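Working through the structure, step by step
Each chain, letter by letter, is given below.
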Amino acid sequence: MTTTNSLNAEDRARIKEIICDVLEIEPEDMTGTSRFKEDHEADSMGAIEILSQLERTFGADIDQAELSRMVNLDSVVTVVGEAVAAQPARAN
C-alpha cells in the first residue's frame, strides 16, 4: 500500500520554496489552495520547470501527465508524496 503522507513539514516548505521561486511570487502570497494558473498567472513552462526541480530535489520520477493534478500547493505535495513513496528504497 502506498502512502501519500510520506512528506514532512520540511519537505512541504521545500516544495513551496521551489514553486515560489519558479513562479516569482512571495511565499506569503501562496496558500495551500491558491491556484497556480488562476491566482498566480503560471504558464505551462513554469509548470514543467516546477516538475523538473521537484524531480531533482526529491529524486523521484513524476510523469508529466501528473501536471493536470498539480494545480495548487496541496495537490503538488500529494503528487510528490506519491512519487517518493513509489520509489524503491535507497541504500545509504
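First, a word on scope: everything that follows refers to the structure included in this document. (Residues numbered from 1 in each chain as written. Predicted model: local features only at pLDDT ≥ 70, side-chain atom pairs only at ≥ 80, totals over all residues. Heavy atoms only, no water.)

1. Some thoughts on the nonpolar core
Soluble, globular proteins show a tendency: their nonpolar side chains are buried together. Core analysis: the largest hydrophobic core is formed by 24 residues, its most contacted members being I15, I19, L23, L54, V76 and V80. Contributing elements (two or more residues each) for this core: helix 1 (9–23), helix 3 (44–58) and helix 4 (73–86). Not counting the four nearest positions on each side in its chain, L23 is found in contact with F36, H40, A42 and I50. (Core = buried A, V, L, I, M, F, W, Y, C linked by side-chain atoms within 4.5 Å. Buried < 20%, exposed > 50% of the residue type's maximum accessible area, 1.4 Å probe, protein only. Helix = DSSP H or I, 4+ residues; strand = E, 2+ residues; numbered from the N terminus. Contact = heavy atoms within 4.5 Å.)

2. Some points on the side chain of S34
Mapped onto the elements of the fold, S34 is located in the loop between helix 1 and helix 2 (36–40). Taking relative accessible area as the criterion, S34 reaches 9% and is therefore assigned buried. Of note is the side chain of S34, whose polar atom sits 2.8 Å from the side chain of H40. (Polar contact = N/O pair within 3.5 Å; in protein donor to acceptor, adjacent residues only side chain to side chain.)

3. Side note on the layout of surface pockets
Taken as a whole, the largest pocket spans an internal volume of roughly 290 Å³. Element by element, the count of residues in the lining of the largest pocket is highest for helix 3, at 4 residues. (1 Å grid on protein atoms, 1.4 Å probe; cavity = no way out; pocket = protein on both sides within 12 Å on 5 of 7 lines; lining within 4 Å. Points joined across faces, edges and corners; volume = space filled by probe spheres on them.)

4. Some remarks on helix 4
The periodicity of an α-helix, 3.6 residues per turn, causes residues three or four places apart in sequence to face the same way. Look at helix 4: 20 Å from first C-alpha to last across 14 residues, which is about the 20 Å you get at 1.5 Å a residue. Among the residues making up helix 4, those that are buried are L73, S75, V76, V77, V79, V80, G81 and A83. Taken together, the buried residues of helix 4 touch helix 1, helix 2 and helix 3. The N-capping residue of helix 4, defined by a side-chain oxygen 3.3 Å from the backbone nitrogen of D74, is N72. (Expected span 1.5 Å × (residues − 1).)

5. Re helix 1
Across its 15 residues, helix 1 extends 21 Å between first and last C-alpha, which sits within 8% of the 21 Å expected from 1.5 Å per residue. For helix 1, every residue scored as buried is listed here: D11, I15, I18, I19, C20, V22 and L23. The inward-facing, buried residues of helix 1 contact helix 2, helix 3 and helix 4. By the N-cap criterion, in which a side-chain oxygen at the helix start approaches the backbone nitrogen of a residue two or three places on, helix 1 is capped by N8, the distance to E10 being 3.0 Å. Once helix 1 finishes, E24 follows within two positions and takes phi at roughly 55°, a positive value.

6. Things to note about the pattern of salt bridges
Throughout the structure, instances matching the rule amount to 6 salt bridges. Residues R12 and D74 are paired through a salt bridge, measuring 2.5 Å at the closest nitrogen-oxygen approach. In this pair, R12 is assigned in helix 1 and D74 in helix 4, connecting sequence segments 62 residues apart. With a relative accessible area of 31%, R12 lands in the partly exposed category. E49 is the salt-bridge partner of R56, the closest N and O atoms lying 4.0 Å from each other. For R56, a relative accessible area of 58% corresponds to the exposed category. Overall, the relative accessible area of 33% leaves E49 in the partly exposed class. The network of salt bridges with common partners includes E66, R69 and E82. (Salt bridge = Lys/Arg side-chain N within 4 Å of Asp/Glu carboxyl O.)

Any functional reading would require information that these geometric values do not contain.
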